Amino acid sequence: MGRVLSVASECVPLLKTGGLADVVGALPQALAGQGWEMRVLMPAYPSVLPQISGWPEVWAESDLFGGAGRVVAGQVAGISILLLDAPHLYDREGGPYSGPMGDWPDNSIRFAALSWAGAAIAREGLQDGWRPDVLHAHDWQAGLAPAYLAYSGASVPSVMTVHNIAFQGFAPASQLAALRLPTQHYHPDALEYFGGLSSLKAGLITASKITTVSPSYAGELRRAEFGMGLQGVLTARAADVSGILNGVDTAVWSPETGAHPYSARAPKGKAHARTALCTELGLDVPGPLAIIVSRLTDQKGIDLIPLVAAEFLAAGGGLAVLGSGDPGLEAQMRALEAQYPGRVAVSIGYDEDLSQRMFAGGDAVLVPSRFEPCGLTQMYGLRYGTLPVVAAVGGLADTVITANPAAVSAGVATGISFHPTDAAAFGLALQQLIRLYADRKIWAQMMRNAMRHPVGWEESAARYAALYAGLVA
């Protein structure tokens, strides 16, 4: 059995701000079936400290970027967790990345410490004798871990996974020494990044292998409109880049365990779930009920919703929205609800139980993202037979078989995709949704196809296991 140290800023069930936490929390158990033992290193934020009482100390450093730090080890929900307890960096009110006044100004130092601890553990092992064969770093918060390994001359291989390249961990060049990075590597072919530093770039140039969370995203990142300044780095390392789709926890996200159970073989319960959802939200929708479960941001294409809603609703559709984000977009969703009572329902915030009821009761899920590294929302939709209507980008393009005439005729379509990501194309996709919903035979076939589409971790875990094995060999 091989050993992997996964370094990340968040992990379900301890802390979650987005899909990164879901992936980091799902990988250890998925990889266990492939013969790999994974431990997850993350910061000990105040919200998780009560859960670690009595956990043994397995690593310590007296000067961890301005104060003492230690790592304690334990188990949470079947996951082997290593928590970096460094109060001077993490014991503060607010979220993991920001407080009442915005982003923490020392974030570059805070997550350099996480990377430093990860690299040290990879080199030296833990006090209990555990030492990884591979270090796996996730996003900019762990980007310096492969760099610290490489610049120390350690032989431990590393993997850098890009979940979202929009967040790059930028820091001024004046922090080079404070971040314990070698000055001789501060040049454009290494650490220098637009006159400063980027922890993500540092990881991309030093990791043994690079992965992204979908094959299409891996290709998109080599283009300027998606690479966001790092396309040159990824093009130069193209031979070491691969795309491995995320999966979802099919035990948690399961239509067979809801209040109105159903499956591909016995789909009748979905109609009961739809009726219950409409009653709960005060909706009366003769056509397809489309749901949106999303951060309300322009990246997610939410600004397009007001531009296409009127025609969709006039044709009989309905809309249920759950999410939060940009205050202006939240206000626009509220305005739609006020304008179309009984056809639009909006819940600002996030409620996982409501989210699952929406996937169970909705007919379609809308994901009009301008870019989407992988996306879990459309996978939840497939799992529940809630047909995805998606922009043809990133992981959305990789996971949804669009209902073009050939796919419908062959009986393999699982949803609808559109390109480009603009109101005209999105509006046409919604009109196609209306037409498909009216053909109950085709709709039933697409629902069955969607629910039978594999969205779990089995295939992806096997690809990660093969990647690790190749590095160790």
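The rules behind each value
- Residues numbered from 1 in each chain as written.
- Predicted model: local features only at pLDDT ≥ 70, side-chain atom pairs only at ≥ 80, totals over all residues.
- Heavy atoms only, no water.
- Buried < 20%, exposed > 50% of the residue type's maximum accessible area, 1.4 Å probe, protein only.
- Helix = DSSP H or I, 4+ residues; strand = E, 2+ residues; numbered from the N terminus.
- Pairing = 2+ DSSP bridges.
- Right-handed = clockwise from strand over helix to strand, strands pointing away.
- Axes fitted to C-alpha atoms, helices over the stretch in contact; angles between N-to-C directions.
- Contact = heavy atoms within 4.5 Å.
- Core = buried A, V, L, I, M, F, W, Y, C linked by side-chain atoms within 4.5 Å.

Undergrad: Provide a residue-level description of the pairing of strand E8 (residues 134-138), including the pertinent values.
TA: Within E8, five of the five residues are buried, leaving the element largely enclosed by the surrounding structure. The alternating pattern of E8 places Val134, His136 and His138 and Leu135 and Ala137 on opposite faces, both of which are buried. Alignment of strand E1 (residues 2-7) against E8, held across four bridges, turns out to be parallel. When the bridges of E8 are listed, Val7 appears paired with Ala137. The sheet contact formed by E8 and strand E9 (residues 158-162) spans four bridges and is parallel. When the bridges of E9 are listed, His138 appears paired with Thr161. Handedness of the crossover joining E8 and E9 through helix H4 (residues 144-152): right-handed.

Undergrad: Provide a residue-level description of the sheet that holds strand E3 (residues 57-61), including the pertinent values.
TA: Spatial strand order, E3-E4-E5-E2-E1-E8-E9-E13-E14: nine strands in an open sheet with mixed pairing. The open sheet has two edge strands, E3 and strand E14 (241-243), and neither has a second partner. Pairwise comparison of adjacent strand axes, ignoring direction, gives a mean angle of 25° for this sheet. Sitting on the sheet, helix H3 (residues 107-124) is in contact with E1, strand E2 (36-43), E3, strand E4 (69-76), strand E5 (79-85) and E8, with an inclination near 150° to E2. Those strands touched by H4 are E8 and E9, and its axis lies near 145° from that of E8.

Undergrad: Explain the sheet that holds strand E19 (residues 387-391) residue by residue, including any values.
TA: Taken in spatial order, the six strands of this open sheet run E17-E16-E15-E18-E19-E20, and their pairing is parallel. Here the strands that pair on one side only, and so sit at the sheet edges, are strand E17 (344-348) and strand E20 (416-418). Along the sheet, successive strands turn relative to each other by an average axial angle of 15°, direction set aside. Note that E19 and E20 share three bridges and pair parallel. Each bridged residue has a counterpart across the sheet, and for Ala391 the counterpart in E20 is Phe418. The strands touched by helix H12 (residues 352-361) are strand E15 (289-293), strand E16 (318-323), E17 and strand E18 (364-367); relative to E15, the strand with the most contacts, the crossing angle is about 150°.

Undergrad: So what's going on with the pairing of E5? Which residues, and what values?
TA: The buried fraction of E5 amounts to seven of the seven residues, a majority that puts the element mostly inside the structure. Relative to E5, E4 runs antiparallel, the two being bridged by seven bridges. The partner of Val71 across the bridge, within E5, is Leu84. Between E4 and E5, which pair antiparallel one after the other, the connecting turn spans two residues, and Ala77 there sits at a positive phi close to 50°.

Undergrad: Kindly report on the nonpolar core, identifying the contributing residues and their values.
TA: Within the largest apolar cluster, 78 residues are counted, with the highest numbers of intra-cluster contacts made by Leu41, Trp59, Ile81, Leu83, Leu84, Tyr148 and Leu204. If you tally residues by element for this core, the top one is H3, at eleven residues. Every residue in contact with Leu84, bar those within four places of it in the chain, is listed here: Leu41, Met42, Pro43, Ala44, Trp59, Leu64, Arg70, Val71, Tyr90, Ala113, Leu114 and Ala117. If you look at the next biggest cluster of nonpolar residues, it comprises 75 residues, including Leu283, Met333, Phe371 and Ala413.

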